Amino acid sequence: MSTLLESYTAGRWYAAPDEGRPLLDASTGEVVATISSTGLDLGAMVAYAREVGGPALRSLTFHERAGILKALAKHLGAGKDELYRLSACAGATERDAMVDVDGGIGTPFSYASKGTRELPNDTIVLDGRPEPLGKGGTFVGQHVFTSRPGVAVQINAFNFPAWGMLEKLAPAFLAGLPTIVKPASPTAYVAEALVRRVIESGLLPDGTLQLVAGSAGTLLDELGPQDSVAFTGSAHTANVLRAHPSVATGGVRLGVEADSLNCSILGPDVTADDPELDLFVKGVVTEMTVKAGQKCTAIRRVLVPAGMADTVVDAIAARLARVTVGDPRDAGVRMGPLASLAQRDEVRKAVEALRSSAEIVYGDPDRVEGVDGDAERGAFMAPVLLRARDGATEPHDVEPFGPVSTVLTYDGLDDAIALAARGRGSLVGSLVTHDPAVARTLTLGLTPWHGRILVLDRDDAAESTGHGSPLPVLVHGGPGRAGGGEELGGIRSVLHHMQRTAVQASPDMLTAITGRWTPGSDRREASVHPFRKSLADLRVGDTIASEPRTVTREDIDAFAALTGDTFYAHTDEEAAAANPLFGGIVAHGYLLVSLAAGLFVDPDPGPVLANFGVDNLRFLTPVKADDAIAVTLTVKEITPRTTADYGEVRWDAQVTNRHSEPVATYDVLTLVAKTWDA
Ligand code: NAP
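Note that residues are indexed from 1 along each chain, following the sequence as it is written. It should be noted that, the model being predicted, local features are given only for residues of pLDDT at least 70 and side-chain atom pairs only at 80 or more, the latter also being counted only at that level, while totals for whole chains, interfaces and linings use all residues. The side-chain numbers reported here are obtained from all heavy atoms of the structure, hydrogens and water having been left aside.

Enquirer: Help me out: how do you make sense of the sheet that holds strand β16 (residues 384–388) in this one?
Expert: Strands pair in a sheet through their backbones, by hydrogen bonds, and they do so in one of two ways: parallel or antiparallel. Across the sheet, which stays open at both edges, the seven strands sit in the order β15-β16-β17-β14-β13-β18-β19 with mixed pairing between neighbours. Each end of this open sheet is capped by a strand with a single partner; those strands are β15 (358–362) and β19 (450–456). Sheet twist, expressed as the mean angle between neighbouring strand axes with direction ignored, is 25°. Whether two strands pair depends on DSSP finding at least two bridges between them. Helix and strand assignments come from DSSP, with helices taken as H or I runs of at least 4 residues and strands as E runs of at least 2, each series counted from the N terminus. Here β15 runs beside β16; their pairing, made up of four bridges, is antiparallel. Bridging from a neighbouring strand, Glu 359 pairs with Arg 387 of β16. Any two residues whose heavy atoms approach within 4.5 Å are treated as being in contact. To get an axis, fit a line to the C-alpha atoms, keeping to the stretch in contact for a helix; angles then go from 0 to 180 degrees between the N-to-C directions. Packing of helix α9 (residues 275–289) onto the sheet brings it into contact with β13 (263–266), β14 (301–305), β16, β17 (404–410), β18 (426–432) and β19, and relative to β13 it is tilted by some 165°. Strands in contact with helix α11 (residues 341–354) are β15, β16 and β17; relative to β17, the strand with the most contacts, it is inclined by about 20°.

Right, here's the structure in full:
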């Protein structure tokens, strides 16, 4: 008896009352599982996400959410066998499964680390600095990102059931949005097993992850203006979703990662003797064969200078000849089948369409020689390389979602760029060149049409992550045909899930609203030096204003002698007098910052553990000998670390001269103990 995949809704597993549709093993045709979402109460699911999951998630700070993601990634990493076993049913070799499963688990790891390092231990994010809006300083603007009280629905493609889910879940989770995942049916058994592992971990707050196993039904009807849909799949389905009333007029945000005719370009500088030729050929073959070419980022168009076409075709064909196709569970098989027989039919149709303007130069779409498996029931297909005739149009139009690429020739860099652009927008393009001028011209020509560009040569090849691998820290998505969406890219995708609002108010109000000190708002000069206060006692706005200190010529000379910074503006009267900005000897900026530290520190051991840097340092007014400086230091932001007994304190530092003019401004960054017994 086969297993019926279950949905996870409102805190429990749900089995549809009917038998469901069978999902077949890609190699053997045997039933792996059945799937049905009949009777699933999608409205209740959305309500549960909004009313239970969302509030629980948003009560946590970014750092707490990041901590959960890290624990989750560790938990998933400790038990991957079942996911690998099921991935093989979908046709994935071990290498393919690694890309999907391990690549997927890497995403919450990466977001956990980015979330801790780049987001505050808070629930809102400030975007940029306060903007003064009035001359008197009483009216200021500040952009803030806040979480939306909605739900993030993800609709995924069949080719990356694990990665697709985790790369969308991690940023949404950090952003405070609960997720409902709807995996593609053909490989939903992998996604279902993954959701089971997540739920069993007990790490996620209830309601922050739910699963629709089976058709999405009326899910979109349930969504409103605080909700979003992140879709990965075909351009056809994307257009159906774009036209859905909830999206077209109901305010639901839709992000689309659709198909894409990605290209790889061999630079005109590369000869048959250069290592770049081999890198180029390897890249094409890898992208044709990993996941049997069922990758949205795979290279579909191979653009080469006309004079190199024969060499490139021969080299690709020679490598493809070494690729063994078969059941991925068999040792020695390098490329598995397509996900289903239906998918193979689609690819064969696409090859047929391509043949109207291209010749097959390697492989037969209808036959696989020496397949290690049942060639009738398994969706095996040999890699197919085509060579386009001059003026070919189909390669720029038809996406064969399988192990298929077409070689096209170009005549000059402008032609290469024009051909690449005929894909009407792609996820990724790569160029293989060792010539910096070629790299610049091609990169700048390609960027308007691509979400990511890989420039590959002998220098970066060893560390290169390759053409087809989206990375958590880099944006994934592309313009035009690729869907126009943008995912990943580190914290960018977290912020995409949040609402940016410009808040206009007085500095005091902004400090109260944001929890961070806004210049111009009240400062509190306490009787106790703020360096004597632990994190528990410090408050935003706590201030110390120093006494003035005269900067003497001896100070400047001594600093020059000590540091070796004898730049003429600090040492040579005559030359400094001729300097149009200084008109005489001035103090080193770093001397002023050092003197300021001497003015504000409290020297005895105390809760301040270390100074770990300064941000935004600007020298505004030159200081000459015998002028006096003073410093005002104010607590701007307090960020307790969740996993340490100290936190970070950001101080606003203002150094002024005798006339109260600003001499230097910067943020001082310190680590301060959470508690301190004097
Ligand atoms: P698909 O047929 O468009 O299906 C994608 C998802 O949409 C599936 O979960 C599917 O569910 C769901 N779906 C279909 N009709 C729907 C509707 N009316 N309402 C709501 N959901 C609906 O694409 P696919 O065959 O799975 O994937 C292959 C395509 O995806 C290729 O073109 C490839 O280039 C593209 N892709 C793009 C990326 C990217 O990042 N840009 C990544 C991977 C794949 P069911 O399976 O239950 O029908």
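Enquirer: Explanation requested: the site of the ligand in the structure shown.
Expert: Note on terminology: near, applied to a residue and a molecule or strand, indicates that one of the residue's heavy atoms is within 4 Å of it. Taken together, 26 residues sit near the ligand, with Asn 156, Ser 185, Ser 234, Thr 237 and Glu 399 positioned nearest. Within the side chain of Thr 237, a nitrogen or oxygen atom sits 2.6 Å from an oxygen atom of the ligand. One nitrogen or oxygen atom from the side chain of His 476 is found 2.9 Å from an oxygen atom belonging to the ligand. Considering the ligand on its own, with 910 Å² of exposed area, one finds that the protein chains cover 80% of that surface. Among the elements of the structure, β11 (228–232) and α7 (235–242) are those that each provide at least two residues to the shell around the ligand. Broken down by element, the shell around the ligand gets its largest block of residues, three residues, from α7. Partitioned by chemical class, the residues of the shell around the ligand number 14 nonpolar, eight polar and four charged. For the purposes of this description, domain bounds are those given by an automatic or database domain assignment. Counting only domains with at least three residues in the shell around the ligand, you end up with domain 1 (3–125 + 146–249) and domain 2 (262–463). Polar contact criterion, stated in full: a pair of N or O atoms within 3.5 Å, where within protein one must be able to donate a hydrogen and the other to accept it, and residues adjacent in sequence count only if both atoms are side-chain atoms. Each accessible area is a Shrake-Rupley estimate made with a 1.4 Å probe; only the visible protein chains count as cover when residues are assessed. In this classification, Asp, Glu, Lys and Arg are treated as charged, Ala, Val, Leu, Ile, Met, Phe, Trp, Tyr, Cys and Pro as nonpolar, and every other residue, Gly included, as polar.

Enquirer: What am I meant to see in unusual backbone geometry here?
Expert: Glycine aside, negative phi is the norm for most residues, and most peptide bonds take the trans geometry. A positive phi angle, close to 55°, is found at Lys 291, a residue other than glycine. Tracing the backbone through its elements, the reader meets Lys 291 in the loop between α9 and β14. Notably, Asp 626 is not glycine yet its phi reads approximately 75°, a positive angle. Considering the arrangement of structural elements, one finds Asp 626 in the loop between β26 (608–619) and β27 (628–640).

Enquirer: Can you walk me through the side chain of Asp 227 in this structure?
Expert: With respect to the helices, strands and loops of the structure, Asp 227 is situated in the loop between β10 (209–211) and β11. Whether a residue is buried, partly exposed or exposed follows from its accessible area with a 1.4 Å probe, protein chains only, as a fraction of its type maximum: under 20%, in between, or over 50%, in that order. On the accessibility criterion, Asp 227 (1% relative accessible area) is buried. A distance of 2.5 Å separates polar atoms of two side chains, one belonging to Asp 227 and the other to Arg 50. Reaching out from Asp 227, the side chain makes a polar contact with the backbone nitrogen of Val 151 at a distance of 2.8 Å. With sequence-adjacent residues up to four places away left out, Asp 227 is seen in contact with Arg 50, Arg 148, Gly 150, Val 151, Glu 222, Val 252 and Arg 253.

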